[in-house]
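Given next are the chains, with one letter for each unit.
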Amino acid sequence: MDRLDALAIERLRESGVKFTVDSLCKEAKCSKKTFYVLYPSKGDFAKHVYQYAYAQYEAAASSFHEHPSRETLEHLLSWAMDAMMITSQTTFNLYSMSALLQKAALQERAKIKTDFVTTLSNTFPPSVTDHRSFFYALEKTLVALSHEKNREAILHDLSEVLAKWMR
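> Could you give me a rundown of the overall build of the protein, with the residues and numbers involved?
Along its length, the protein carries 10 helices and 0 strands. Each helix and strand of the protein, placed in order from N terminus to C terminus, yields the pattern α-α-α-α-α-α-α-α-α-α. Each principal axis of the C-alpha distribution contributes one length, and for the protein these read about 55 × 30 × 25 Å. Expressed as a percentage of its 167 residues, the buried residues of the protein come to 44%. Look at the contacts in the protein between residues 6 or more apart in sequence, and 66% of them connect residues 24 or more apart. Side-chain charges of the protein comprise 21 positive and 20 negative groups, with the mean position of each set lying 7 Å from the other.

This is the structure in structure tokens:
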């Protein structure tokens, strides 16, 4: 049900948590009954969406490691942004997620953030990454972009600028 996962992330990007299971099922052409057979609770669905996002991030990171380029960097930035967005405190507050689910998601977010920083540290020269503000500004930019309508164009421009600094 990757289609439901991808749609959930897309809806979170576009409107935050202002979508329903019913609207998601209609768009995915899936019955609510099937949805609740697959995911007995919204928490189960959220866990599955997180796992999907983490897997997509890992695939993007792997692709970037194998073939560093502007395109693979853009893909990596996009999935890092989505992983940060779906595990933000705002998302948890609005969803009223269980503390256990929140803790697990925040642990994954921390792993992704560490991997992301390591990947970029190995990709860009120290003259870029030694500035503490580089990672802070990049993370804040990605979080701010997560709900922008024209995020793809901005990500494209950002990755184009960053690619010029790659080793």
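> Now, about the side chain of Thr 119: what can you tell me, with residues and values included?
Position of Thr 119 relative to the elements: it lies in helix H7 (residues 99–123). Beyond its immediate sequence surroundings of up to four residues, Thr 119 is in contact with Phe 64, His 65 and Leu 76.

> Please set out helix H10 (residues 151–163) residue by residue, giving values where relevant.
The end-to-end C-alpha distance of H10 is 18 Å, a good match for the 18 Å that 13 residues give at a rise of 1.5 Å each. Burial in H10 covers these residues: Arg 151, Leu 155, Leu 158, Ser 159 and Leu 162. Buried residues of H10 fall within an arc of 95 degrees about the axis and therefore sit on the same side.

> Give me the lowdown on the nonpolar core, citing residues and values where you can.
Generally speaking, soluble globular proteins have nonpolar side chains that are buried together. The biggest cluster of nonpolar side chains holds 50 residues, and the ones touching the most others in it are Leu 77, Phe 116, Leu 138 and Leu 142. Of all the elements in the fold, those that place two or more residues in this core are helix H1 (2–15), helix H2 (21–28), helix H4 (42–66), helix H5 (70–86), H7, helix H9 (132–145) and H10. If you tally residues by element for this core, the top one is H4, at 11 residues. Those residues in contact with Leu 77, other than ones at most four positions away along the chain, are Phe 116, Leu 138, Leu 142, Leu 155, Leu 158, Ser 159 and Leu 162.

> I'd like to hear about the pattern of salt bridges, residue by residue, with values.
Per the counting criterion, the structure on display carries 11 salt bridges. Across the salt bridge formed by Arg 151 and Asp 82, the nearest N and O atoms sit 3.1 Å from each other. With a gap of 69 residues between them, Arg 151 in helix H10 and Asp 82 in helix H5 connect regions that are remote in the sequence. Here the two residues Arg 151 and Asp 82 agree in accessibility, since each one is buried.

> Before we move on, could you go through the environment of Val 49 and cite the residues and values that matter?
You can see Val 49 is positioned in helix H4. When the C-alpha positions of Val 49 and Phe 135 are compared, they lie 26 Å apart, and in sequence the two are 86 residues distant. Residues contacting Val 49, with those up to four places away along its chain left out, are Asp 5, Ala 8, Ile 9 and Ile 86.

> Lay out the packing of H5 against H9 with the relevant residues and their values.
Interhelical geometry of H5 versus H9 gives an angle of 75 degrees and a closest axis separation of 9 Å. If you check the angle between H5 and H9, you find them roughly perpendicular. For the pair H5 and H9, contact is made by Leu 77, Met 81 and Met 84 and by Leu 138, Glu 139, Leu 142, Val 143 and Leu 145, respectively. Here the residues of the contact of H5 with H9 are counted per class, giving 7 nonpolar, no polar and 1 charged.

Procedures and definitions
Residues numbered from 1 in each chain as written. Predicted model: local features only at pLDDT ≥ 70, side-chain atom pairs only at ≥ 80, totals over all residues. Heavy atoms only, no water. Helix = DSSP H or I, 4+ residues; strand = E, 2+ residues; numbered from the N terminus. Buried < 20%, exposed > 50% of the residue type's maximum accessible area, 1.4 Å probe, protein only. Contact = heavy atoms within 4.5 Å. Lys, Arg positive; Asp, Glu negative; His and termini not counted. Charge placed at Lys NZ, Arg CZ, Asp CG, Glu CD. Expected span 1.5 Å × (residues − 1). Arc of directions from axis to C-beta. Core = buried A, V, L, I, M, F, W, Y, C linked by side-chain atoms within 4.5 Å. Salt bridge = Lys/Arg side-chain N within 4 Å of Asp/Glu carboxyl O. Axes fitted to C-alpha atoms, helices over the stretch in contact; angles between N-to-C directions. Parallel < 35°, antiparallel > 145°, perpendicular 65-115°, else oblique. Nonpolar A, V, L, I, M, F, W, Y, C, P; charged D, E, K, R; others polar.

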